[in-house]
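What the coordinates show
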There are 2 protein chains.
Amino acid sequence: MSGKQVWVIGIGPGGGEQMTVQARQILKQCDVIVGYTVYVALLRETFPDKEYRTTSMCREIDRCRLAFEEAQSGKRVAIVCSGDAGVYGMSGLMLELAGEYPDCTVEIVPGVTAALAGAAVLGAPLMHDFAVISLSDRMTPWEEIGRRLRLAAAADFVICLYNPASKGRPDYLQRACDIILEEAEPERICGVVRQIGRDGESAKMLTLRELREEPADMFTTVFVGNSRTRLINGRMVMPRGYAIETAGR
Amino acid sequence: MSGKQVWVIGIGPGGGEQMTVQARQILKQCDVIVGYTVYVALLRETFPDKEYRTTSMCREIDRCRLAFEEAQSGKRVAIVCSGDAGVYGMSGLMLELAGEYPDCTVEIVPGVTAALAGAAVLGAPLMHDFAVISLSDRMTPWEEIGRRLRLAAAADFVICLYNPASKGRPDYLQRACDIILEEAEPERICGVVRQIGRDGESAKMLTLRELREEPADMFTTVFVGNSRTRLINGRMVMPRGYAIETAGR
């Protein structure tokens, strides 16, 4: 570690077990860890002797600047995100702002995003082509979100939904289901995983019709199967093409 | 670890650093590791004292049965996949076959898939909604692949392509580009990452028109940007909506 460098690290879901070996090694060597309050609390247990800098939920730009400023002062800095650094995480914004801090290099360290970790809890819903869509309209107009949902369902992608609802938009999952129902049958197999990798993790399999009535929040990840998704022994599975039929191969 | 259990483990790209802490802990405790020859070779260095069972590339069903049979004999067994276990990996097939081995439980351990690891090498191309599509027509008719490409491009998803070409289908990436070019401009920003996490890892940014002429193989992961993707200081970035404009927030 030499020069002024900031690591943008995806720590996986939860507090540490699903972090990569590389992420853990870099965090061990850092002086300062910057992050959203909730994620940082999870890290304090594993790395108690670091300097922690936190900001609240929506202050992403402040958080990025804080990381660059700490790095400029000569400290080894990591800015952490839940899941992966590059999927609805901080890596994009860090690279957008990096031009203002030309003496700092930004390195991205990937992690297990909720789509992958949630899929493992449910079974194997993402075995083949899939689309990941956020229902948050904080940065994207709802019309664009709705259009993506419609086309993804028409393309028969398995769909993984992030940020399915929040206090300010309690009915967004319902609205998304209504759009998908224009293309998919009401009995379509879906799955919901809550608090992935944390205390109280839970999973549920249900139909698309039932999903429409399901409560959800920012800690819920939703999976909408495609036309070939099956329930096999209570797990949500996207079967593997003609694999079984050609077993003699 | 009690009862007869098989772990299906995504070891991330490369040989070990990008594996999760959880994956490493489970592998450490296993007696037998089953996998495709190439991935197993990468693991032997980290875990030299295990019993390894390998099969060649296309013998996935044999590999799964081997894992179940070893578990039935009372051994602690892991079957490993490159990247994530559930994205074009082995977890689906394992769950499909599990009914034939009712005394064995299957547990899935997620990992960093090539889309996430490749994105981190290029910059932050997957910051917002994206679709993952395999160009292999071994299990999926080309018509279905083409239809998904067309609709994903129409929905303005960032698209990540797995298995972009192989010896038997050298022109598939070209064919995919031709379909995407019906919806996207030739100057669309794209990226290619080769041998992610391995010796010889390399990355390249190019336009969609140039991507059409780019050689590719099974160790190449391809990223096609959407209408908002930008090159920022030589990195491929999906900018974060109105983030910069509302910096005073």
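The preceding data block contains the structure.
The structure contained in this document is the topic of the report that follows.

Definitions and cut-offs
- Residues numbered from 1 in each chain as written.
- Chains lettered and ligands numbered in written order.
- Predicted model: local features only at pLDDT ≥ 70, side-chain atom pairs only at ≥ 80, totals over all residues.
- Heavy atoms only, no water.
- Helix = DSSP H or I, 4+ residues; strand = E, 2+ residues; numbered from the N terminus.
- Polar contact = N/O pair within 3.5 Å; in protein donor to acceptor, adjacent residues only side chain to side chain.
- Contact = heavy atoms within 4.5 Å.
- Pairing = 2+ DSSP bridges.
- Axes fitted to C-alpha atoms, helices over the stretch in contact; angles between N-to-C directions.
- Parallel < 35°, antiparallel > 145°, perpendicular 65-115°, else oblique.
- Left-handed = near helix turned anticlockwise from the far one by under 90°.

**Quick notes on the side chain of Asp 129 of chain B**
Position of Asp 129 of chain B among the secondary structure elements: in the loop between strand S6 (123-124) and strand S7 (130-134). At 3.5 Å, the side chain of Asp 129 of chain B forms a polar contact with the side chain of His 128 of chain B. Excluding residues within four positions of it along the chain, Asp 129 of chain B makes contact with Tyr 88, Val 132, Ile 133, Ser 134 and Arg 148 of chain A together with Phe 157 and Val 158 of chain B.

**What about the sheet that holds strand S6 (residues 123-124) of chain A?**
All names here are of chain A. Read from one edge to the other, the open sheet built from 3 strands follows the order S6-S13-S12, with strand pairing classed as mixed. Edge positions in the sheet fall to S6 and strand S12 (230-232), since each of these pairs with one other strand and no more. Direction of pairing for S12 relative to strand S13 (residues 235-237): antiparallel, over a ladder of 3 bridges. Paired with Ile 232 across the bridge in S13 is Arg 235.

**Considerations on the packing of helix H6 (residues 142-154) of chain A against helix H7 (residues 172-180) of chain A**
All names here are of chain A. Axis separation between H6 and H7 bottoms out at 9 Å; the angle between their running directions is 45 degrees. Taken together, the axis directions place H6 and H7 in an arrangement best described as oblique. Handedness of the crossing formed by H6 with H7: right-handed. Seen from H6, the contacting residues are Trp 142, Gly 146, Leu 149, Arg 150 and Ala 153; seen from H7, they are Tyr 172, Arg 175, Ala 176, Ile 179 and Ile 180.

**Examining the sheet that holds strand S4 (residues 77-81) of chain A**
Residues and elements named next belong to chain A. The strand order across the open sheet built from 5 strands is S3-S2-S4-S1-S5, with neighbouring strands paired in parallel fashion. The open sheet terminates on both sides in strands that have one partner only, identified here as strand S3 (51-55) and strand S5 (104-109). Direction aside, the axes of adjacent strands within the sheet are offset by 20 degrees on average. Two strands pair when backbone bridges link them, and strand S2 (residues 32-36) and S4 are joined in this way by 3 bridges, in the parallel orientation. Bridge assignment links Ile 33 to a residue of S4, and that residue is Ala 78. Each of strand S1 (4-10), S2, S4 and S5 touches helix H1 (residues 21-29); the most contacted strand, S1, lies at about 140 degrees to it.

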